Amino acid sequence: MTTVEPRFDQVVHAPPRLQVCGLLAAVDTMDFAAVRDTVGVSDSVLSKHVKQLEDAGYVRVSKATVASRQRTSLSLTRAGRAAFTAHVAELRRIAGL
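The residue numbers shown here count from 1 along each chain, following its written sequence. For a predicted model such as this one, the threshold for reporting local features is a pLDDT of at least 70, and the threshold for listing and counting side-chain atom pairs is 80 or more; totals across whole chains, interfaces and linings nevertheless cover every residue. Where side-chain values are given, they derive from all heavy atoms of the structure, hydrogens and water being excluded.

- Looking at an unreviewed UniProt entry, the protein chain carries the name Transcriptional regulator, with the source organism given as Klenkia taihuensis.

Okay, here's the thing in structure tokens:
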């Protein structure tokens, strides 16, 4: 097991972005609609948070046409996984866990 240096990350810390990162950390890719429904926000709210994560290099947004419909999927980048893992480690350190 690799030890992660705990590090607070302002980009990851906002609750919706933390939830998105947590969801994506458990999978290779996830449909935008599934993320939206699980986080419990509107398309526009999720889009804004995903854009911030994408701008930071933490999330990759992929678009594809499936059965004549545009599908958007999200995945964490290597940098996103590292940032999320370090942020969670810092939260655990702060909480004394």
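Moving on from the model shown.
1. Examining the overall build of the protein chain
Step number 1: Helix and strand assignments follow DSSP, with helices taken as H or I runs no shorter than four residues and strands as E runs no shorter than two, numbered in order from the N terminus. Scanning the protein chain from N- to C-terminus turns up 5 helices and 3 strands.
Step number 2: Sequence-ordered secondary structure for the protein chain, helices as α and strands as β, is α-α-β-α-α-β-β-α.
Step number 3: It is over C-alpha atoms that the radius of gyration is taken, and the globule rule equals 2.2 Å times the number of residues to the power 0.38. Computed over the C-alpha atoms, the radius of gyration of the protein chain is 14 Å, within 12% of the 13 Å expected from 2.2 N^0.38 for a compact globule of 97 residues.
Step number 4: Expressed along its principal axes, the backbone C-alpha trace of the protein chain runs to roughly 50 × 25 × 20 Å.

2. A closer look at the UniProt feature "domain: Winged helix DNA-binding" (unreviewed entry) in the protein chain
Step number 1: UniProt positions are given in the numbering used here, feature names are shortened, and annotations may be inferred rather than shown by experiment. Feature annotation in UniProt places "domain: Winged helix DNA-binding" (unreviewed entry) on residues 17–94, given in this structure's numbering.
Step number 2: As annotated, residues 17–94 has a helix share of 60% and a strand share of 23%, and its two end C-alpha atoms lie 19 Å apart.

3. A word on the nonpolar core
Step number 1: One finds Val20, Leu24, Val35, Val59 and Leu74 to be the most contacted residues of the largest nonpolar core, which totals 17 residues.
Step number 2: Those elements giving two or more residues to this core turn out to be α2 (15–25), α3 (32–39), α4 (43–55), β3 (69–76) and α5 (78–95). In this text, buried Ala, Val, Leu, Ile, Met, Phe, Trp, Tyr and Cys residues form a nonpolar core when linked through side-chain atoms within 4.5 Å. Note on exposure labels: buried denotes an accessible area under 20% of the residue type's maximum, exposed denotes more than 50%, and partly exposed covers the range between, all computed with a 1.4 Å probe on protein chains only.

4. Quick look at α5
Step number 1: Relative to the 26 Å expected for 18 residues at 1.5 Å per residue, α5 spans 26 Å between its end C-alpha atoms, a close match to the ideal helical length.
Step number 2: All of the buried residues along α5 are Gly80, Ala83, Phe84, Ala86, His87, Ala89 and Glu90.
Step number 3: Residues of α5 that are buried in the fold lie against α1 (10–13), α2 and β3. Helices are assigned an expected span. That span is 1.5 Å times one less than the residue count. Residue contacts follow a heavy-atom distance rule, with two residues in contact if any of their heavy atoms lie within 4.5 Å.

5. Brief notes about unusual backbone geometry
Step number 1: Residues other than glycine seldom take positive phi values, yet Ala67 does so here, at roughly 50 degrees.
Step number 2: One can find Ala67 in the loop between β2 (59–66) and β3.
Step number 3: Of note, Ser68 is a non-glycine position whose phi angle comes to about 65 degrees, a positive value.
Step number 4: With respect to the secondary-structure elements, Ser68 resides in the loop between β2 and β3.

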